[in-house]
Structures are given as structure tokens and as C-alpha cells.
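Next come the chains, spelled out residue by residue.
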Amino acid sequence: MKITTEAIVLHLSKYSDKAAIVHTYTRKYGRMTYMLYGISGKKRSQLLSATEPFSLVEIEATHNLGREIQTLNNVSLSYVKKSAGDFNKKAVSMFIAEILYRTLSHPEPDEVLFDYLSDTLKGLDFTEDIENFHLRFLLQYTYFLGIMPSLDEYGKMLDITTGLLINEQNIDNCFSVKETELLIMLLNNKKVNISRVERQSLLNKLCMYYECHLTDFIKPKSLDVLKEVFDS
């Protein structure tokens, strides 16, 4: 069956000198994996540009019932990033793509989720608050994963293991009162000033939160790059 759909690229891995495996989340079919041929030919540069992680693309493919890996016939960017040369934004894109690749297991389509990811991609392209963008994404994305923490009251601490606000002092497994307030502001899209130390702590604890609430979650390899980028 020949299909055409919008998709968000999650991951690209080399299969051979002439082919690559492209992991995507599509608007019409949910999570899909494709074999892409021709990466060593005349269209190499075009294909690699269109399959860069966290890109919004239009794909033409052949779907065969029962196959885990389908055939990608053509792929092209449906949204061209204005800030493609911005190293900081590229680092955030790689981080978000890796988070999605490791957690987005929906076999079925979800247009609300797809629109959210598409809006996130475009929002990253234009944001001036790049330092905090990945923190806000990690928080908002928990809604779609079904693990959203309780963040509806100031003056308390967020317990990482339960996702609930508490009064007890438990430094090892909690966001501090200040950190919890920062999370609430980020979740509500409020402008917030976060220091380098606070940002690193929030990022580490949010990854701990994902580890606690998602089976087999592994910290992204791009995490160290992201820390280095914003460690100033």
C-alpha cells in the first residue's frame, strides 16, 4: 500500500553503505520504522538533511502488512528551520529527539500528540528562551506519557518517586521548594529566571523522575552535550 503522511524524525541509524533505518512518529500511522535507500547516491545530502532527528517531514512510503520495517520511497522537509545553524538549538533538538525515541511507543496515531510535537519543533526554532526550553518540554511531555506530576500548589516539594507534592524534607528524592516553584512556573509557560546550578539540578532530577516512572528508561546520551552547552 502506498501512503503519504507527515512525520517527525526520531532517530537515524546506518544499515549499510547504501541504506539507513529511519525511526519516525507519523501523523496518520503513529510510530513507524522505515528503510531508506540511496543515502550514498546523488541525493545523499538532501536525504540526510531531511532525516536529521527532530525534523518535520513529508514522507511517501510503501506499507506491507506484517512487516516491522517498511520502505521509505521519498522524504522531504515540510518545515524548514530558520535557526538550523544554531548549535545550542541543535543540541536541544537532538536531546528531545532522543527522549522521544526512547519513550514514544504509541503504535497508534495520536493527532493531538503529533500537533504538540510539531508545535514544539517550531517553537524551538523561534524561542529566545533556549536555556530552559528542554526543561519545559520534559515537564509538558509527561502529560502524554501519563506520568504528569502534581504541580498545583506553591510552598511544597515534589516527591520524585510518587509525583506528589509533600511537606516532608527528603532531599535525595525531592525537588526543593524553590525547584518545585520553578517547575510550576515552567509548566504554566511563565517567564522564569533560572541559574546555571538550578538548571542542572532540575535537569538531573527530571531525568530521575522519568527513570522512576517509565520502565527501562535510560538517560539520553545527548544529556552530557546538553549540560556542556548550558554550563556557562
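Structure's up top.
Residues numbered from 1 in each chain as written. Predicted model: local features only at pLDDT ≥ 70, side-chain atom pairs only at ≥ 80, totals over all residues. Heavy atoms only, no water.

Asks: Give a description of the packing of helix H4 (residues 130–145) against helix H6 (residues 196–213) that names residues and reports values.
Replies: Helix-helix packing is characterised by the crossing angle of the two axes and by the distance between the axes. Two elements in contact, H4 and H6, have axes separated by 10 Å at closest approach and are oriented at 20°. It follows that H4 is roughly parallel to H6 by the angle criterion. Seen from above, H4 lies across H6 with left-handed handedness. Across from Glu131, Asn132, His134, Leu135, Leu138, Leu139, Tyr141, Thr142 and Leu145 in H4, the residues of H6 making contact are Arg199, Leu202, Leu203, Leu206, Tyr209 and Tyr210. (Axes fitted to C-alpha atoms, helices over the stretch in contact; angles between N-to-C directions. Helix = DSSP H or I, 4+ residues; strand = E, 2+ residues; numbered from the N terminus. Parallel < 35°, antiparallel > 145°, perpendicular 65-115°, else oblique. Left-handed = near helix turned anticlockwise from the far one by under 90°. Contact = heavy atoms within 4.5 Å.)

Asks: Requested: an account of the sheet that holds strand S7 (residues 165–166), with residues and values cited.
Replies: Strand order in the open sheet formed by three strands is S7-S6-S8, with antiparallel pairing between adjacent strands. One side of each edge strand has no neighbouring strand; the edge strands of this open sheet are S7 and strand S8 (174–175). Bridge count for strand S6 (residues 157–159) against S7 is two bridges, and the pairing is antiparallel. Directly across from Leu158, in S7, lies its bridge partner Leu165. (Pairing = 2+ DSSP bridges.)

Asks: Help me get a handle on the nonpolar core, residues and values and all.
Replies: In terms of nonpolar packing, the biggest core is built from 54 residues, with Leu117, Phe137 and Tyr141 touching the most fellow members. Within the residue set of this core, elements represented by two or more residues are strand S1 (2–14), helix H2 (87–103), helix H3 (111–126), H4, helix H5 (177–187), H6 and helix H7 (223–229). Of the residues forming this core, the biggest block, nine residues, is contributed by H4. With near-sequence residues (within four places) excluded, Leu117 lies in contact with Ile8, Tyr25, Phe54, Leu100, Leu104 and Phe137. Ala20, Val22, Met32 and Ile59 belong to the second-largest nonpolar core, a separate cluster that totals 16 residues. (Core = buried A, V, L, I, M, F, W, Y, C linked by side-chain atoms within 4.5 Å. Buried < 20%, exposed > 50% of the residue type's maximum accessible area, 1.4 Å probe, protein only.)

Asks: Give a detailed account of the side chain of Thr24, specifying residues and quantitative values.
Replies: Considering the arrangement of structural elements, one finds Thr24 in strand S2 (residues 19–26). Residue class for Thr24 comes out buried when judged on its relative accessible area of 2%. Leaving out residues up to four positions away in the same chain, Thr24 has contacts with Ala7, Ile8, Leu10, Gly30, Arg31, Met32 and Tyr34.

Asks: Which residues make up the layout of surface pockets, and what values go with them?
Replies: As a volume, the largest pocket reaches approximately 270 Å³. If you go around the largest pocket, you meet 18 residues; those closest to its centre are Glu52, Ser55, Lys81, Ser83 and Ala84. Mapped onto the lining of the largest pocket, the elements with two or more residues apiece are H2 and H3. Looking at the lining of the largest pocket residue by residue, the classes come out as eight nonpolar, four polar and six charged. Put simply, the second largest pocket is a space of about 170 Å³. Residue lining of the second largest pocket: Leu10, His11, Leu12, Pro53, Met94, Ala97, Glu98, Tyr101, Arg102 and Ser222, and that is the complete set. For the lining of the second largest pocket, the elements supplying multiple residues, two or more each, are S1 and H2. (1 Å grid on protein atoms, 1.4 Å probe; cavity = no way out; pocket = protein on both sides within 12 Å on 5 of 7 lines; lining within 4 Å. Points joined across faces, edges and corners; volume = space filled by probe spheres on them. Nonpolar A, V, L, I, M, F, W, Y, C, P; charged D, E, K, R; others polar.)

Asks: An account of the packing of aromatic side chains is needed here, citing residue identities and associated values.
Replies: Under the counting rule described, the total for this entry stands at six aromatic pairs. Look at Phe137 and Tyr141: their rings are 5.2 Å apart centre to centre, the planes differ by 15°, and that puts the pair in the stacked class. Of the two residues, Phe137 and Tyr141 both sit in helix H4, four residues apart, roughly one turn of that helix. This pair shows no difference in class: Phe137 is buried, exactly as Tyr141 is. Through successive ring pairs, a cluster of aromatic residues spans Tyr116, Phe137, Tyr141, Tyr143 and Phe144. (Phe/Tyr/Trp six-rings, centres within 6.5 Å; stacked < 30°, edge-to-face > 60°.)

Asks: Please provide a residue-by-residue account of the pairing of strand S4 (residues 56–62), values included.
Replies: Among the seven residues of S4, five are classified as buried, and the element is accordingly described as predominantly covered. By the bridge criterion, seven bridges tie S1 to S4 in an arrangement that is antiparallel. Note that in S4 the partner of Thr5 across the bridge is Ile59. Of the pairings in the sheet, the one linking S4 to strand S5 (residues 70–77) comprises six bridges and is antiparallel in character. Residue pairing in the sheet places Ala61 in a bridge with Leu72 of S5.

Asks: Now, about the packing of H2 against H4: what can you tell me, with residues and values included?
Replies: For the pair H2 and H4, the least separation of the axes is 10 Å and the interaxial angle reads 15°. One way to sum up the angle between H2 and H4 is to call them roughly parallel. Considering the relative orientation of H2 and H4, their crossing is right-handed. Of H4, the residues touching H2 (which contributes Asn88, Lys89, Val92, Phe95, Ile96, Ile99, Leu100 and Thr103) are Ile130, Phe133, His134, Phe137, Leu138, Tyr141 and Leu145. Broken down by class, the residue content of the contact of H2 with H4 amounts to eleven nonpolar, three polar and one charged.

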